[in-house]
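A closer look at the structure
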Amino acid sequence: MNTEYFAELSRQLAARGMPEREAAATVADLTGYLAESGSTDPHEEFGAPDAFADRLTRDHGGERPGADAETWKWTSDIYTDRRLLNQYGAEGWEVEGIDFVGRFVCRRVPGEAMGWEYRRETTRGTGEHDALLAELAPDGWEPCGRWLHMAYFKRPLAAGAGPAAALTATPAPPARHVFFSPKYRGLVALFALSVVLFVLAVGFDVIDLDRPAVHYGVLVGAVGGGLLGWYGVRRDIAQGTESS
């Protein structure tokens, strides 16, 4: 079923003028995303191939975006994503999706851009995501990407701010593509330090892996530390923790 879906999507993209190499890369990204999300039905995830091809090629009347359209892909951690999404959304960047490595895929057309606002919610499974979408849709929110248990939604700033949301000028595209907060970098550094200390301890025989008790202790410590770390991240996601 998945093979048939993506084969048809490839045909639809080609029919709309997308270059063969770009279409192949797009299908590869979507296939990887589907595997990461755990979903088994691309129809539920993306919709009908022809309608999805229209969205991917921005087909509004049969024309692909002009050469002046700007694109930008970037990534962040859970402590900065919402703040940055709204910061750059106010500059006209519209998130069209999240690729298979977790980057926000954005697009903006100078002279035609409008402001966007974003929100992040946590969902578990397609049913919960669909229920959330039905709840948010009346207020103008539409889905713009999913990553693990996080679902992202967008709507034009005009839905809440009215005419004040119109953009008279757009800043230059950001030069950066990666935004990690001090808290995230600290967690990564702590993990790396723990690994280095463990390797040094084994190398200098401070830890004797030949002893069964040590094997058990290392296993319990690794599993326990991993679970505590995952619990902390899940808690921060649920609480919407942000870094300034």
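Below is a summary of the structure that appears in this document. (Residues numbered from 1 in each chain as written. Predicted model: local features only at pLDDT ≥ 70, side-chain atom pairs only at ≥ 80, totals over all residues. Heavy atoms only, no water.)

Thoughts on the pattern of salt bridges
Evaluation of the coordinates by the stated rule reveals 7 salt bridges. Arg-155 serves as the salt-bridge partner of Glu-117, at 2.6 Å between the closest nitrogen and oxygen. One end of the pair, Glu-117, is in strand E4 (residues 116–122); the other, Arg-155, is in strand E6 (residues 150–156), with 38 residues separating them in the sequence. Judged by relative accessible area, which is 16%, Glu-117 ranks as buried. We classify Arg-155 as buried; its relative accessible area is 17%. (Salt bridge = Lys/Arg side-chain N within 4 Å of Asp/Glu carboxyl O. Helix = DSSP H or I, 4+ residues; strand = E, 2+ residues; numbered from the N terminus. Buried < 20%, exposed > 50% of the residue type's maximum accessible area, 1.4 Å probe, protein only.)

A look at the nonpolar core
Counting 18 residues, the largest nonpolar core has Trp-74, Leu-85, Val-95, Phe-104 and Tyr-152 as its most contacted members. Mapped by element, the contributors of at least two residues to this core are strand E1 (70–76), helix H5 (81–89), strand E2 (94–98), strand E3 (104–108), E4 and E6. The dominant element in this core, judged by the number of residues it contributes, is H5, at 3 residues. Those residues within four positions of Val-95 in sequence are excluded, and the remaining contacts are Leu-85, Phe-104, Val-105, Cys-106, Tyr-118, Cys-144 and Lys-154. (Core = buried A, V, L, I, M, F, W, Y, C linked by side-chain atoms within 4.5 Å. Contact = heavy atoms within 4.5 Å.)

Let's talk about the pairing of E6
Counting buried positions over the 7 residues of E6 gives 6, a clear majority of the element. Adjacent in sequence and paired antiparallel, strand E5 (residues 142–147) and E6 are bridged by 2 residues, among which Leu-148 carries a positive phi angle near 55°. (Pairing = 2+ DSSP bridges.)

Structural notes on the state of the cysteines
The bond known as a disulfide is covalent and runs between the sulfur atoms of two cysteines. As enumerated under the stated definition, the model contains 0 disulfides in all. Cys-144 provides the cysteine sulfur closest to Cys-106, a residue in no disulfide bond, and the two sulfurs are 8.8 Å apart. Residue Cys-106 is classed as buried on the basis of its relative accessible area, which comes to 2%. On the basis of relative accessible area, Cys-144 is assigned to the buried category, the value being 5%. (Disulfide = S-S within 2.5 Å.)

Purely geometric numbers; function is a separate question.
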